[in-house]
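One letter stands for each residue in the lines below.
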Amino acid sequence: MKETALDRVERALNLIPFISSNPGLSITQIAERFGSTPTQISKDLTLLHMCGLPGYTHLELLDIDYEDPEFIQVTDAQVLDQPRSLTQLESLTLVLGLQLLAELAKDPQERESIIALQSRLSSMIGDEVKNSITITDGLLETPIVKEIQVAISQSRVITFTYDSASSDTINSRRVFPLEILFKDGIGYLQAANPETLEIRTFRVDRIIEMTVGEVDAEIHSRLSTPTHSEIEIEIEMGEDGLFFLEKHNEIVTSYQEVAGNFHITLAVSSPDWIKRVIASWPSRIKVVKPLDLAEVIEEIARQTLDNYS
Amino acid sequence: MSDQKTERLINLTMALLATKRYLSKGEIFSQVAGYTGSAETKERMFERDKDDLRALGIEIQVGSHDPLFDDELGYRILESDYEFNLGDLTPVELSYLSLAAKLWRNQLFASSGALALVKIDAHSGSALREEFGTSLLSLENETPLFAPLWEAITSKKLISFTYRSKTEAKRSIAPYGLTMWRGAWYLAGEDLEKKEVRVFKVARITSDISFEGKSDSFVLPEGFNIQDHLIMVRDEPNVEFTARVRVGKCQSLRRQSTAENIDGEWDRITFTLGSDWREKILWFGPDIVLESPKDKVEEIKSLLRSKL
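Residues numbered from 1 in each chain as written. Chains lettered and ligands numbered in written order. Predicted model: local features only at pLDDT ≥ 70, side-chain atom pairs only at ≥ 80, totals over all residues. Heavy atoms only, no water.

## Considering the overall build of chain B
Piece 1. Secondary structure assignment for chain B yields ten helices and 13 strands.
Piece 2. Against the compact-globule benchmark of 19 Å for 308 residues, chain B has a radius of gyration of 30 Å, which places it well outside the compact range.
Piece 3. With the C-alpha coordinates of chain B rotated into their principal frame, the extents come out at 95 × 55 × 40 Å.
Piece 4. The 308 residues of chain B split such that 48% are buried.
Piece 5. A separation of at least 24 residues holds for 55% of the contacts in chain B among residues at least 6 apart in sequence.
Piece 6. By element, 49% of the accessible surface of chain B is carried by carbon and sulfur atoms, the whole surface being about 15,000 Å².
Piece 7. In chain B, which carries 42 positive and 49 negative side-chain charges, the distance between the mean positions of the two groups comes to 7 Å. (Helix = DSSP H or I, 4+ residues; strand = E, 2+ residues; numbered from the N terminus. Rg over C-alpha atoms; globule rule 2.2 N^0.38 Å. Buried < 20%, exposed > 50% of the residue type's maximum accessible area, 1.4 Å probe, protein only. Contact = heavy atoms within 4.5 Å. Areas by Shrake-Rupley, 256 points an atom, 1.4 Å probe, with all protein chains shown as cover. Lys, Arg positive; Asp, Glu negative; His and termini not counted. Charge placed at Lys NZ, Arg CZ, Asp CG, Glu CD.)

Written out as structure tokens, the structure reads:
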């Protein structure tokens, strides 16, 4: 989308106080923070250089030092040394985010200070907006999240016992935690094996006991894009295919719906897991491809049913 | 052209912010760089510029130099309206705000969070505070519909969209609010056809959001509380189950109770599950045999038969 003059004015008014309080950043660093390009930021600075207060001599103009792209500073910000107030939307974003963080905080004192900060921000939002966009019960209870977060921020390896749903076993894992992602309120930990650097996903609520270990600050540089070997699976199901798509959208590569019947293609890296997902779905899912998976699924249903006779 | 306008708007903002008294139009036209052309042109330019700054959320005060005389109106921007007013922030508070801002993956909140952080760092000079990784914690609730829904709710525009439940149908709604429940967003609003408040899962909206009409097309009912309309929040019934499970298997179910050993192959356990009990039990395939309640045993058996 093409940028309007207003978009530029808004960014420019934020640029001056930002650079003014954070002198010495490079043009690339600034561009990153503003979600823009170094070229665009250069243009903005050139333009801002011509702006100022009535009089418009060098005493009244904004004074920006941008000759060295590695070291930008504002030597005279005139009246623009303070950032603009937060917009309603910006405040709301922070208020809702803080609410989720408070839900996750285990330590009551910490929770209190997050809530105090939240109400400070909350007072800046109009009541109607505040009551219109809310969080009812954001995340399922996952107290261990906070400890993992600390480990992530300090680049520490963690060791935990894990109840693996796909293999139905409990064993010990030593991983390097990268990120926690919430989906449908459930926390998932993305973590790398410190030796093989393979990236795996763990459900946070299946982590039983955890200890935080040593710092490994170099691991980020050793991590490259993960290579997953994925298998392609095609399934067919009835109208509850809609719920399947919703629940497992991250593995769906394409789907078609014909008269309430769904034909879905999946890319999956864990055969153990998908086997259980299909076998436990509360209606029939027909596996079209691969054929050996279709046989396995049917065999599971047969064996399970045999137990009851 | 666009450069000139950008420059003029910045100059105007700075001039109105710097002045300690109201500036009349005449003063603005003669002092602020960028106002050129006939009196009429300048007038039109200024009217548009005022609207533009207001659209950016910059409040312009209108008043007169001297309240005793019927003076020409003047303009200024108050520092207290314009400037960041969250007060001083401790390093711990900064880190909370940073996490809160980066939690979001939906485009609207992700970009407003990034902008909020730019302002916070401009206030605190904390742009280089130490952080590892880009986001430590994030919510996968990406929905491109969030931005139009936000607009519709805050400016009270009627909307329509296609929604999937059992069938797919077009809905016309007066959107009252959004709430997040277990990581997913729900829209509450009056269904204009059914004349009652309904709740829609945003992820099941299959079309774009169309605006039907102007701003302020409806009034939020007095005392409206979105939570009152969320049926899914009400407690779901839990059922107690007894089952035989293979030794060393069904780990997550075993965590609820102590197992009673039957023989070398089987243990017996008791556990409670909610409405997703079918998936939870079938997950373990032939490693679990449900024993009670009887009606659930029958249901599992017929479900298994349907899978063959």
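## Concerning the interface of chain B and chain A
Piece 1. With 114 residues of chain B in contact, the opposing surface of chain A contributes 112 residues.
Piece 2. Remark: the boundary between chain B and chain A carries eight salt bridges.
Piece 3. Residues A:Glu257 and B:Arg164 are paired through a salt bridge, measuring 2.8 Å at the closest nitrogen-oxygen approach.
Piece 4. Where chain B touches chain A, the interface holds 35 residue pairs in polar contact (both at pLDDT 80 or more). (Salt bridge = Lys/Arg side-chain N within 4 Å of Asp/Glu carboxyl O. Polar contact = N/O pair within 3.5 Å; in protein donor to acceptor, adjacent residues only side chain to side chain.)

## Brief notes about the sheet that holds strand S9 (residues 231-237) of chain A
Residue and element names in this part refer to chain A.
Piece 1. Strand order across the open sheet formed by four strands is S10-S11-S9-S12, with antiparallel pairing between neighbours. The open sheet has two free edges, formed respectively by strand S10 (252-258) and strand S12 (285-289), since each of these has just one partner strand. Across the sheet, the mean angle separating the axes of adjacent strands is 20° when strand polarity is ignored.
Piece 2. The sheet contact formed by S10 and strand S11 (residues 261-268) spans six bridges and is antiparallel. From the neighbouring strand, Tyr255 faces S11, where its bridge partner is Ile264. (Pairing = 2+ DSSP bridges. Axes fitted to C-alpha atoms, helices over the stretch in contact; angles between N-to-C directions.)

## Considerations on the pairing of strand S8 (residues 196-201) of chain B
All names here are of chain B.
Piece 1. Strand direction decides the pairing type here: strand S7 (residues 184-191) and S8, joined by six bridges, are antiparallel. Within S8, the residue paired with Asp191 across the bridge is Glu196.
Piece 2. Connecting S7 to the antiparallel partner S8 that follows it, the hairpin turn spans four residues, and Lys195 within it adopts a positive phi of roughly 55°.

## Quick notes on the nonpolar core
Piece 1. In this structure, A:Leu98, B:Leu97, B:Trp104, B:Phe161, B:Leu178, B:Trp185 and B:Leu187 are the most contacted members of the largest nonpolar core, which totals 52 residues.
Piece 2. Tallying contributions element by element places helix H4 (residues 88-104) of chain A first for this core, with nine residues.
Piece 3. The residues touching B:Leu97, leaving out its near neighbours within four places in the chain, are A:Leu94, A:Leu98, A:Leu117, A:Leu121, B:Leu86, B:Leu89, B:Leu117 and B:Ile120.
Piece 4. In this structure, A:Val9, A:Ile30, A:Leu45 and B:Ile58 belong to the second largest nonpolar core, which totals 49 residues. (Core = buried A, V, L, I, M, F, W, Y, C linked by side-chain atoms within 4.5 Å.)

## Let's talk about the pattern of salt bridges
Piece 1. Under the definition given, this model contains 43 salt bridges over all chains.
Piece 2. Residue A:Arg200 pairs with A:Glu198 through a salt bridge whose shortest N-O separation is 3.5 Å.
Piece 3. Among the residues examined, A:Arg200 registers a relative accessible area of 44% and is labelled partly exposed.
Piece 4. A cluster of three or more residues bridged by salt bridges with shared partners is formed by A:Glu3, A:Arg8, A:Arg11, A:Asp44 and B:Asp3.

## What to know about the confidence of the model for chain B
Piece 1. Averaged over every residue, the pLDDT of chain B is 87; residues scoring 70 or more account for 91%.
Piece 2. Overall fold confidence for the complex sits at a pTM of 0.74, while the interface term, ipTM, reaches 0.75. (pLDDT = per-residue confidence, 0-100.)

## Examining the packing of helix H11 (residues 291-306) of chain A against helix H10 (residues 294-306) of chain B
The description of two helices packed together rests on the angle between their axes and the distance between the axes.
Piece 1. Packing of H11(A) against H10(B) brings their axes to within 9 Å, and their N-to-C directions diverge by 145°. Seen along the crossing, H11(A) lies across H10(B) with a hand that is left-handed. When H11(A) is examined against H10(B), the residues A:Ala301, A:Thr304 and A:Leu305 are found in contact with a partner set consisting of B:Lys301, B:Leu304 and B:Arg305.
Piece 2. Of the residues in the contact of H11(A) with H10(B), the class split is three nonpolar, one polar and two charged. (Left-handed = near helix turned anticlockwise from the far one by under 90°. Nonpolar A, V, L, I, M, F, W, Y, C, P; charged D, E, K, R; others polar.)

## As for the sheet that holds strand S2 (residues 61-64) of chain B
All names here are of chain B.
Piece 1. The three strands are arranged S1-S3-S2 in an open sheet whose pairing can be described as antiparallel. Looking at strand neighbours, the two that pair on one side only are strand S1 (23-24) and S2, the edges of this open sheet.
Piece 2. The pairing of S2 with strand S3 (residues 73-76) spans four bridges and is antiparallel. Looking at S3, one finds that Gln61 is bridged to Arg76.

## A few points about the confidence of the model for chain A
Piece 1. Confidence along chain A averages 87 in pLDDT terms, with 95% of residues attaining 70 or more.
Piece 2. Across chain A, helix H3 (residues 38-48) of chain A holds the top mean pLDDT of 95, while helix H8 (residues 219-222) of chain A sits lowest at 70.

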